[in-house]
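# Summary of structural features
Chain by chain, the residues run as shown.
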Amino acid sequence: MAASISGYTFSSVCYHSANSNSDHEGFLLGEVRHEETVSISDTQISSSELLQVVEVHNHEPCAQLFSFYDYAGQVNEESLNRILKDRRKNVIGWYRFRRNTQQQMSFREQIIHKQLTQLLGVPDLVFLLFSFISTANNSTHALEYVLFRPNRSRYNQRVTLSIPNLGNTSQQEYKVSSVPNTSLNYAKVIKEHGAEFFDKDGVMKDIRTIFQVYGALQDKVQSVCGEVEQSERVKEKVQEEVNKLKQQIVLRKRKTTDEERRLQEAQNPELRLTPEENTEPPETALLSRVAFHTPSTPERPGPSANPPAYSDLLSLQNDSLLPFSSSPTSAALLPRPQAVGSPGHPSPSPLGLGLSAGPNPAPSPGTPYLGNGDGSSSDSLDRQAAGQEDDDEEEDDEDSSEYENLVSEVGQLPPVSAIVLLQGRPAALSPDGDASVRGSQT
Amino acid sequence: MAVSAVHLESDAFLVCMNHALSTEKEEVMGLCIGEVTTDSFFACFGVDTNRIVHIHSVIILRRSDKRKDRVEISPEQLSSAATESYRLAEMTGRPMRVVGWYHSHPHITVWPSHVDVRTQAMYQMMDQGFVGLIFSCFIEDKNTKTGRVLYTCFQSVQAQKGSEYERIEIPIHVIPHEAIGKVCLESAVELPRILCQEEQDTYRKIHSLTQLDPITKIHNGSVFTKNLCSQMSAVSGPLLQWLEDRLEQNKQNIIELQLEKERLTQELATM
């Protein structure tokens, strides 16, 4: 089995993945062809082999995780149809992008895959896994990709994914001199009959024709590009309006809870909660503190004593990601959430599972992901980059790998504010109902 | 002052990836356009000011020297890049200039070669904050059938011993940018044009040779036709397809966003 994906589709998946601060997933659309290759062996009996070629034409990204399945991995056919609409018949696989994880299908992915196979009626549904790792100092990043066909036997599950490209555009095929020939007949024949190829200016007719084809194609590319550009601007504008509305709603809600609280206090002064007596967990204590003191309009967190609400920080993120405009001081006071992909409990010493996950046994069901699970030290990245597989079990520095998870997961703002903004926040605390749940790999 | 980090906008990252994945037989290159900011936040803690290079878009360059292991930018290209950055500055209202260069390493390790490090050192002589990016692609581990794409950012420093240069690693982060900017789209569609231009230039040189017999001329013309066809099917075609898909996706997203906007407006009105 062979598989191919165009460079533009591949880059587009990378682009959507880079834009998402959590895992990213979507569907692969394309077609499966059967190519027959005839080979003749010494015994003169021609044998033909049927090669299955999976061609990925484009991808349909999912806007959020859990958009067509729930936490138990149950696929909802209605949601599936809503996402795919009439492209359902073109689905040949699906993909998932995760950071700092192993190159293996997770249990949830496997059960989703089984259901998708059934629902979509594609017996050889493929799964493309993208895994992203970075060096400790974030100077080098690697995106690894493996194409699985899980419905086949367990020993033949990985398929090479090729990216067709220009290949050899070397211009050495032009001949700079003719093969010397003194035969007059030769010269006469080729001049007389070869004249067919040239027009009155001595230019080859084919060249003019192909150039016209190219010109028409480039014009079309240009015009569609113009349309895309317009649609991007419209999308940006509407997205901004939606964000503003969300902000206003959040503010309005906070205002009403504010007022309700004040009303309650006025009625029952002895039940008044002060920050010092608050026995709630740190995050909600912070919120209640903010509820008392936050001004009515959101402002960028200045170096004030009170840390801003999570919602303010979230909206900040949307407004602008220019690092010099945010001031991380106040953000640094917020509790440091869990690193992405790190276990909620102190994990045992890292198993040092290498990136070569193919023949390795699946991790124990109790701890499917140990946060790193791959040698993310620059040494191993070195070796990966050089194309060698690192088979040795490497001792990972657990502390530094947790840090890697944080920074590489975000990879956007300068470390402090970024870590606090986007990491490990349980879904319940997110006021605008974003469902990006950390540790969503299983 | 060394650069402390590079922030690469994701749509510029997209164009770099497109470019790097366009050919596996030779290295491609381009220039990075953006701005450098100094963040004096840490100054109050006694830490040196941070210089952060923001890359907003890239320009695809023509390879003047098509040798497999050499990537160098001619002065003409640098000057036309300067014009391009001026245009971007006009559009965004912010000062933009050439802040770095990128090139690809197909089938090769992502680390810069000695030539790369020396070239980078040379650029740093005219601009201390100049950064180099390398995209390594078409790497496959045959055992695990894992493909890899890597990218790294570096600058050059004088080595302690002797006059050789060595690289220093610069952290690079890809900044999310939900919509693709106009300049990035324009850069992306430049690629087929640049490829065709290169082909035309080569053919013209060949065509001007006078001592070729008709058969050779037909041969050369066919090579041109073949190469142009190859460009159209490998680059222009997939590019057009991706643009159409993106347009379709955007239209869909806009409809969904409009619905959400209406819903939110109603919700706000009832509060």
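For clarity, every value in this text was computed on a predicted model and none was experimentally measured.

Another point: the UniProt feature "coiled-coil region" (unreviewed entry) in chain B. UniProt's feature table lists "coiled-coil region" (unreviewed entry) at residues 240–267 of chain B, given in the numbering used throughout. Spanning residues 240–267 of chain B, this segment combines 100% helix with 0% strand, and its end C-alpha atoms are found 40 Å apart.

Contacts between the two partners involve 114 residues from chain B, matched on the other side by 102 residues from chain A. Both faces considered, chain B and chain A share a buried interface measuring about 10400 Å² in area, 63% of it formed by carbon and sulfur atoms. Together, K145, R148 and L268 of chain B form the three largest contributors to the area buried by chain B at its contact with chain A, with a combined 6%. Here chain B is connected to chain A by 5 salt bridges. Among the salt bridges present, the one from R148 of chain B reaches E144 of chain A, with a minimum N-O distance of 2.5 Å. At the surface where chain B touches chain A, the tally comes to 40 residue pairs in polar contact (both at pLDDT 80 or more).

This brings us to the environment of I33 of chain B. Structurally, I33 of chain B is set in strand β2 (residues 29–39). Residues I33 of chain B and H7 of chain B, 26 residues apart in the sequence, show an inter-C-alpha distance of 12 Å.

This brings us to the nonpolar core. One finds F10 of chain A together with L243 of chain B to be the most contacted residues of the largest nonpolar core, which totals 72 residues. Contacts of L243 of chain B, omitting those with residues within four sequence positions, involve V221, V224, C225 and V228 of chain A together with L185 and V189 of chain B. In terms of nonpolar packing, the next biggest core, distinct from the first, is built from 23 residues, L29, I83, V91 and F127 of chain A among them.

Let us look at the packing of helix α1 (residues 7–19) of chain A against helix α5 (residues 214–270) of chain B. As a packed pair, α1 of chain A and α5 of chain B sit with axes 9 Å apart at the nearest point and diverge in direction by 40 degrees. With respect to their mutual orientation, α1 of chain A and α5 of chain B come out oblique. For the pair formed by α1 of chain A and α5 of chain B, the contact residues are Y8, S12, Y15 and H16 of chain A on the first element and V235, P238, L239, W242, R246 and Q249 of chain B on the second. Split into classes, the residues belonging to the contact of α1 of chain A with α5 of chain B amount to 6 nonpolar, 3 polar and 1 charged.

Its identity as a non-glycine residue notwithstanding, F66 of chain A has a phi of 60 degrees, on the positive side. If you trace the backbone, F66 of chain A turns up in the loop between β3 (46–61) and α2 (77–84). Look at F66 of chain A and you get buried, because its relative accessible area is 15%. A positive phi angle, close to 65 degrees, is found at H107 of chain B, a residue other than glycine.

Conventions we followed
Within every chain, residues take consecutive numbers counted from 1 along the sequence as written. Following the order in which they are written, the chains are lettered starting with A and the ligands numbered starting with 1. Totals for whole chains, interfaces and linings use every residue, but because this is a predicted model, local features are given only for residues with pLDDT of at least 70 and side-chain atom pairs only at 80 or more, for both listing and counting. The side-chain figures draw on all heavy atoms in the structure; neither hydrogens nor water molecules are used. UniProt positions are given in the numbering used here, feature names are shortened, and annotations may be inferred rather than shown by experiment. Helix numbering and strand numbering both begin at the N terminus, where a helix is a DSSP run of H or I of at least 4 residues and a strand a DSSP run of E of at least 2. Two residues form a contact once any of their heavy atoms are found within 4.5 Å. The quantity reported as buried area is the accessible area (1.4 Å probe) lost by two parts once they are put together, taken as the sum for both. Salt bridges are defined by distance alone: a side-chain nitrogen of Lys or Arg within 4 Å of a carboxyl oxygen of Asp or Glu. Polar contact criterion, stated in full: a pair of N or O atoms within 3.5 Å, where within protein one must be able to donate a hydrogen and the other to accept it, and residues adjacent in sequence count only if both atoms are side-chain atoms. Take the buried Ala, Val, Leu, Ile, Met, Phe, Trp, Tyr and Cys residues and link them wherever side-chain atoms come within 4.5 Å; each set so joined is a nonpolar core. Here's how the labels work: a residue is buried when its accessible area is under 20% of the maximum for its type, exposed when over 50%, partly exposed in between, all with a 1.4 Å probe on protein chains only. Here an axis means a line fitted to C-alpha atoms, over the contact stretch when the element is a helix, while the angle between two N-to-C directions is reported on a 0 to 180 degree scale. Angle categories: roughly parallel below 35 degrees, roughly antiparallel above 145, roughly perpendicular from 65 to 115, and oblique for all the rest. Gly counts as polar in this scheme, as do all residues outside two lists: the nonpolar Ala, Val, Leu, Ile, Met, Phe, Trp, Tyr, Cys and Pro, and the charged Asp, Glu, Lys and Arg.

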